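# Observations on the model geometry
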Amino acid sequence: MPDRTIYLDHAATTALDTRVLDAMLPYLTMEYGNASSIYTLGRHAMQAIDSAREQVADILNSRPTEITFTGCGSESDNLAIKGIAFASQKKGNHIITTPIEHHAVLYTCQYLERFGFKTTYIPVDSYAQVDPDDVGRAITDQTILVSVMYANNEVGTIEPVAEIGRICRAKKIPFHIDAVQAGGSLPLDVAALNADLLSLSAHKFYGPKGVGILYARQGMRLLPQLQGGSQERGRRAGTENVAGIVGAAAAFRLAYEELPQIQPRIIALRDRLIDGLLAISGSQLTGHSTNRLANNASFCFEGVEGESILLNLDLLGVAASTGSACTSGSVDPSHVLVAMGIPVEVAHGSLRLTLGKNNTVADVDVILSAVPGIIEKLRGLRG
Ligand SMILES: *Cc1c(COP(=O)(O)O)cnc(C)c1O
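### Notes on the site of the ligand
Taken together, 13 residues form the shell around the ligand, and within it Ser74, Asp178, Gln181, Ser201 and Lys204 come nearest. Here an oxygen atom of the ligand sits 2.6 Å away from a polar atom, N or O, in the side chain of Ser74. Within the side chain of Gln181, a nitrogen or oxygen atom sits 2.6 Å from an oxygen atom of the ligand. Protein contacts shield 89% of the accessible area of the ligand, which totals 380 Å² for the unbound molecule. Judged by its atoms lying within 2 Å of the grid points, the ligand is housed in the largest pocket. Sort the elements by how many residues they give to the shell around the ligand and helix α3 (residues 73-87) lands first, with three residues.

Written out as structure tokens, the structure reads:
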């Protein structure tokens, strides 16, 4: 076993920053009060949540009352989409989204179809880009919600969300952005993005797992999806995860404070990976060549299975992904790559490498020296 994991799967999750852990620790130990209690210990918890909410609102250029803390990015997506859909049934039943969304969005739309809602999936081009005018043309008098991701978690393509938001705003249609993959990396001013709802998840930016954030613009009518206490202004029942919320805000703040130092270094590592791996014959970059997340290098290699590459990399202590969330044993290729028009055989050979702030040139060079041989070996095995 190699003594250190070379972690190149930051799109899946990130390690908790130790400074974030330090900010959380008091709320896991001495400051254990329930934020709904009126005595001092409870008030301390509520003050910590209020402060976290202000910090998050500040980065989003929003009001604290527009921020709801949830249990994960998936819950934020579910609350945004189901919350709007079930609160808007008198207005219409039509939802617009794309075929490259995370399953937290796609499966939520499919679930709503059981209740009479209809979904239009706006096609994407071969770089996974959505054309905002296609969204505008799909809007009908029944449309109650448009949901488009900020950046794709598999191939890293950044979507023209501000322009889509402008079109939706002009037609008074609520616009939800799944910004989970963009959080900590792309600008998140909700006014500039013309966003009405926006989802984030702390564990994607060096915060704790189990904390999501949902921005919902003032005036958005959302039907709560968890009934019980009146926490989170009645939008999400359940005793607050105080330590997690404190950690989410601390991580969010650190991510944007340090972005100017970290981002250029990550882009250089990404481009080194891309240049190096595209030298392999039968390889292609997936997603847009420039309009992509700073940390995402994703590829397809003809004539190999992505899972086989991963197993070979794992033997070298490298943690990577095929990009698709499908469970092992599944024969379906990524829905994102298929939507981009990549042939199914080619889509099976996908590899996603997503960098983080602790990766080094040496990490990248391990990949560049290992992957060509792995691909050659796997192609040889197929005969
Ligand atoms: C990770 C991710 C999610 C889900 O977030 P969780 O906190 O893991 O539930 C949703 N959308 C996108 C784009 C993601 O990358």
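### Some words on the pairing of strand β8 (residues 212-216)
Of all five residues making up β8, five are buried, and the element is well covered by its neighbours. In this sheet, β8 lies alongside strand β2 (residues 67-70) in antiparallel orientation, the contact comprising four bridges. From the neighbouring strand, Phe69 faces β8, where its bridge partner is Ile213.

### Regarding the domain arrangement of the chain
What the domain assignment reports for the chain is domain 1 (6-13 + 259-382) and domain 2 (18-254). Once you take the C-alpha centre of each, domain 1 and domain 2 turn out to be 28 Å apart. With 26 residues of domain 1 in contact, the opposing surface of domain 2 contributes 29 residues. Carbon and sulfur atoms supply 51% of the area that domain 1 and domain 2 bury against each other, a total of about 2300 Å² over both sides.

What counts and how
- Note on numbering: residues in each chain are counted from 1, in written sequence order.
- It should be noted that, the model being predicted, local features are given only for residues of pLDDT at least 70 and side-chain atom pairs only at 80 or more, the latter also being counted only at that level, while totals for whole chains, interfaces and linings use all residues.
- By convention in this description, side-chain values take in all heavy atoms of the structure and omit both hydrogens and water.
- For this description, a residue counts as near a given molecule or strand if any of its non-hydrogen atoms is within 4 Å of it.
- Counting of polar contacts relies on pairs of N or O atoms within 3.5 Å, with two restrictions inside protein: one atom must be capable of donating a hydrogen and the other of accepting it, and residues adjacent in sequence are counted only when both atoms are side-chain atoms.
- Each accessible area is a Shrake-Rupley estimate made with a 1.4 Å probe; only the visible protein chains count as cover when residues are assessed.
- A pocket, in this scheme, is an open set of points on a 1 Å grid over the protein atoms alone with protein on both sides within 12 Å along at least 5 of 7 lines, while a cavity is a set where a 1.4 Å probe fits but cannot get out; residues line either one if an atom lies within 4 Å of a point.
- What decides whether a molecule sits in a cavity or pocket is whether more than half of its atoms lie within 2 Å of the grid points.
- A run of DSSP states H or I qualifies as a helix once it reaches four residues; a run of E qualifies as a strand once it reaches two. Both are numbered from the N-terminal end.
- We call a residue buried when its accessible area falls under 20% of the maximum for its residue type, exposed when it is over 50%, and partly exposed in between, using a 1.4 Å probe and counting protein chains only.
- Strands pair, by our definition, only if DSSP identifies at least two bridges between them.
- A domain assignment, automatic or from a database, supplies the domain bounds used here.
- Contacts are assigned to residue pairs with any non-hydrogen atoms lying within 4.5 Å of each other.
- Accessible surface is computed with a 1.4 Å probe, and the buried area is the amount of it that two parts give up when combined, taken over both parts together.

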